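# Analysis of the macromolecular model
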Amino acid sequence: MFENDELTLGMDLGGTNLFFRLEAPGRLLASGSMATFQDFSAQLKDIYENLVRQFGAIHTVSLGVPGPVKDNIMGPSFPLGTQEQFTFERCFKGLSRLIVKNDLFMALAAEMTEGHGVNYRNVVLVSISTGIGTAVAFNGVPIEIRSEMGHQRIGVIGAEAAKCINHFNCWASMCSGKAMSKKEGSLDLDLIKSANLEAFINIAAAYDPEVIVVMGGVGVGLFNQVIPVQKDLAAVSLLGAAPLILKTNLGDDIGAIGAVKLARSAWIKDR
């Protein structure tokens, strides 16, 4: 068994898959992934309790979730199909410290310490997966903002009306994995790429990054088919040089890795 304050459980709750890593300082004790259950609350509870039985009391759970977060409370989540606020304290009985942040904020902590953020200071991380989200770092520091760029409304000629939680034709409702799964017949990848380009133009104008890093099953798996390249952005750039567009080199558990790193970093302050 380990001392209580040594153990940190990083968890990445996605709309499709859930990843976790239990670490003591300098040592990985356990890790895993599985499909996300509809009752994700019970799933989180079971994982936590099983790890406590194996390794002893866990001091910190650092949880990334696919939606806006304030004071450890998750707002409506397109990937999880929830429309109400959700609290997670019930999932982790006896826990000393719970950190809940947007999953992209967690993943960005990993990207800035182990990925392309080692070479660039101003970074926007874009996840195109079950849903779509973004996270931003300025001067090497991840910025905690309630960004919902995945729900920016975009207009692409030829696109059908796509409904989201309380609006139509947002980026997520047109280009996410969840949106693609609802399409009948073959996907119009050129149309999806056009929508992604429009969204990337808005991101470049809003944040002026040196690099846009793409992650997520759709973004990485279809990188060459649906992700615009730097010269596409440069043709319409208002701010001079367009950002590089790179694929993350980190694996599918980037969010869980980042959750642990964030919990142990100076980037976060306890409430």
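A brief report on the enclosed structure follows. (Residues numbered from 1 in each chain as written. Predicted model: local features only at pLDDT ≥ 70, side-chain atom pairs only at ≥ 80, totals over all residues. Heavy atoms only, no water.)

### Looking at the environment of V65
We count it as follows: Every helix listed is a DSSP run of H or I at least four residues long, and every strand listed is a run of E at least two residues long, numbered separately from the N terminus.
Relative to the helices and strands, V65 is located in strand 4 (residues 60-65). With 15 residues separating them along the chain, V65 and L80 place their C-alpha atoms 9.1 Å apart.

### Considerations on helix 9 (residues 254-263)
Rules: Burial classes follow relative accessibility: with a 1.4 Å probe on protein chains only, a residue under 20% of its type's maximum area counts as buried, one over 50% as exposed, and anything between as partly exposed. Any two residues having at least one pair of non-hydrogen atoms within 4.5 Å are treated as being in contact.
Among the 10 residues of helix 9, nine are classified as buried, and the element is accordingly described as predominantly covered. Those residues of helix 9 lying buried are I254, G255, A256, I257, G258, A259, V260, L262 and A263. Where the residues of helix 9 are buried, they touch strand 1 (8-13), strand 2 (17-24), strand 4, strand 8 (97-102), helix 2 (103-114) and strand 12 (211-215).

### Focus on the pattern of salt bridges
Applied cut-off: Salt bridges are identified by distance alone: a Lys or Arg side-chain nitrogen within 4 Å of an Asp or Glu carboxyl oxygen.
Inspection of the entire model under this criterion finds six salt bridges. For E23, the salt bridge is made with R21, and the minimal N-O distance between the two is 3.1 Å. Taken individually, E23 and R21 each receive the classification buried, so the pair is uniform in this respect. Between E49 and K45 there is a salt bridge, with the nearest N and O atoms lying 2.9 Å from each other. Of the two residues, E49 and K45 are both situated in helix 1 (residues 40-55); the distance of four residues between them amounts to about one turn of the helix. Taking the relative accessible area as the measure of exposure, K45 reaches 33% and is therefore partly exposed.

### Observations concerning the sheet that holds strand 5 (residues 69-70)
Selection rule: A pair of strands is considered paired only if DSSP assigns at least 2 bridges between the two.
Strand order across the open sheet formed by three strands is 5-6-7, with antiparallel pairing between neighbours. This sheet does not close on itself; its edge strands, each paired only once, are strand 5 and strand 7 (86-87). The pairing of strand 5 with strand 6 (residues 73-74) spans two bridges and is classified as antiparallel. Paired with V69 across the strands is M74, a residue of strand 6.

### Considering the pairing of strand 1
Along strand 1, six of the six residues are buried, which leaves the element largely enclosed by surrounding structure. Alternating positions in strand 1 separate into two faces, T8, G10 and D12 on one and L9, M11 and L13 on the other, with burial throughout. The turn linking strand 1 back onto strand 2 is made up of three residues. Taken together, the five bridges between strand 1 and strand 4 define a ladder with parallel strand orientation. From the neighbouring strand, M11 faces strand 4, where its bridge partner is L63.

### Things to note about the sheet that holds strand 10 (residues 132-138)
Basically, it comes down to this: For helices, the fitted line uses only the C-alpha atoms of the stretch in contact; every axis is such a line through C-alpha atoms, and the angle between N-to-C directions lies from 0 to 180 degrees.
Strand order in the open sheet formed by five strands is 11-10-9-12-13, and the pairing between neighbours is mixed. If you trace the sheet from one side to the other, it starts and ends with strand 11 (141-143) and strand 13 (244-247), each paired once. Neighbour-to-neighbour, the strand axes of the sheet open up by a mean angle of 25°, direction not taken into account. Sheet topology places strand 10 next to strand 11; three bridges connect them, and they run antiparallel. Note that in strand 11 the partner of F138 across the bridge is V141.

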